[in-house]
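# Per-entry structural report
Each chain is listed here by its residues.
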Amino acid sequence: MKKSHLLPIVTLNGYLLHHNFMKINFCNLSLPPDIEKIVWDKSKRMVKKNSFILGKEVNEFELAFANYCETKFSRGVATGCDALLWAMEGLGIGKGDEVITVANTFIGTVLPIIRTGATPVLVDCDKNTQQIDPEAVLAAITPKTAAIVAVHLYGRLAPMDELQEIAEKNGLVLLEDAAQAHGAKYKGRKAGSIGKAAGFSFYPAKNLGAWGDGGAMTTSDSELAAKVDKIRNYGQVKKYYHSEFGWNSRLDSIQAIVLTEKLKLLDEWNQKRRIIADWYYDFLKDIDISTYHESQNNEPVHHLFVVTIKNRDQMIDALSNVGIPVGIHYPIPIHKHVCFSEHSFTRGKCFPVAEKQAHELLSLPMHPSLTRSEVEFICSKLAILL
Ligand SMILES: Cc1ncc(COP(=O)(O)O)c(C=O)c1O
């Protein structure tokens, strides 16, 4: 049954069924005024001290974030890409190694693998969950395999039990790309605490987003934490004494202040996202649109709310015409990107599930301040457009 009674719209063919427009935000980057005031006050004090990079504010955030992720350590770095890169570099992954990951991810999972000198080995995703397929991972293992990067796509954890078993049996390092999964849980365990190390992104639109770029590596391995400490800061043991071949990849103090304050609200915001996802499931249940399957093991944080729709491309403009912004995460699977066309790891590769889904995925608005009537409006438009 189509819920066309819900609210009016412009149809795909362009003729007007009803006139209705609701300006909806895809995500919401603004802070509640009281929190914003705290951030400005703390920032003013920080500026007066001229303490702009790393320092007390970053230390404070690292402690709070490690505690939140249930790991011993977290290290603030410049971006989520860097967090994964330094974790791999700190673990000695590099030239001659193969690192398995999934084809339907953001390029930010794969570029760090390439930057270490290792070769990415892509595998397909599961058609129901859109998560990395553990059987495909098993089949991709060779004597050169050093690591698996599990991607917690859209805010739901990858099948970590299966991946952990594969990693243990084959002597591989299991890493987590947790860029979209701040606070998500798998069988009660927090994203970022299950693998050897994890990379988080604090890109502004993430569930925990900064006021610019930022990232963190989490781990409970003291040696790795100490290595990343140095790598991110020019490889120095103390100022101008360089013992490692490092880089400049540090978290700014202002980002740490923003993140420390936002972290206090993260669980509340994630809970709101779960309520909103339930509204979506409810309104979409009678409409011919597939939502991904939630595994019982997962407590997701719905970084994105993704559905699959056959006539996706035709719908985007029609939705935009009635005020509904949407996204595609992601329109091109990794092996199809032009930048990798000369790389042997993509040559002749075919991942049917990832390729099919790339034509059908549609990310609907999702952020903690979305209202029930906005979700109802979105779903009513989808119903008519199908
Ligand atoms: C799955 C995934 N991996 C890695 C990254 C890279 O994070 P950043 O943009 O902070 O480098 C992102 C960020 O968008 C992401 O979504």
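The present account deals with the structure reproduced in this document.

What counts, and where the lines are drawn
- Residues numbered from 1 in each chain as written.
- Predicted model: local features only at pLDDT ≥ 70, side-chain atom pairs only at ≥ 80, totals over all residues.
- Heavy atoms only, no water.
- 1 Å grid on protein atoms, 1.4 Å probe; cavity = no way out; pocket = protein on both sides within 12 Å on 5 of 7 lines; lining within 4 Å.
- Points joined across faces, edges and corners; volume = space filled by probe spheres on them.
- Helix = DSSP H or I, 4+ residues; strand = E, 2+ residues; numbered from the N terminus.
- Pairing = 2+ DSSP bridges.
- Axes fitted to C-alpha atoms, helices over the stretch in contact; angles between N-to-C directions.
- Parallel < 35°, antiparallel > 145°, perpendicular 65-115°, else oblique.
- Left-handed = near helix turned anticlockwise from the far one by under 90°.
- Contact = heavy atoms within 4.5 Å.

Taken as a whole and judged by the stated rule, the model has 1 cavity of 30 Å³ or more. One number sums up the size of the largest cavity: a volume of about 70 Å³. Looking at the largest cavity, it is lined by 13 residues, and the ones nearest its centre are Asn104, Tyr330, Ala354, Ala358 and Leu361. In terms of residues, the lining of the largest cavity owes the most to one element, helix α10 (residues 352-358), which gives 3 residues.

A sheet is described by the order of its strands in space; here 3 strands give the open sequence β7-β6-β13, paired in antiparallel fashion. What marks the edges here is a single partner per strand, and that holds for β7 (189-190) and β13 (298-299). Looking at chain direction, strand β6 (residues 185-186) and β13 are connected through 2 bridges and run antiparallel. The residue of β13 that forms the bridge with Tyr186 is Asn298.

Viewed as axis vectors pointing N to C, helix α2 (residues 55-69) and helix α8 (residues 253-284) meet at an angle of 25°, and their least axial separation amounts to 7 Å. One finds that α2 runs roughly parallel with respect to α8. Read as a crossing pair, α2 and α8 show a hand that is left-handed. From α2, Glu57, Val58, Glu60, Phe61, Ala64, Phe65 and Tyr68 reach across to α8, where they touch Ser253, Ala256, Ile257, Leu259, Thr260, Leu263, Leu266, Asp267 and Asn270.

The values reported here are purely geometric and, on their own, carry no functional implication.
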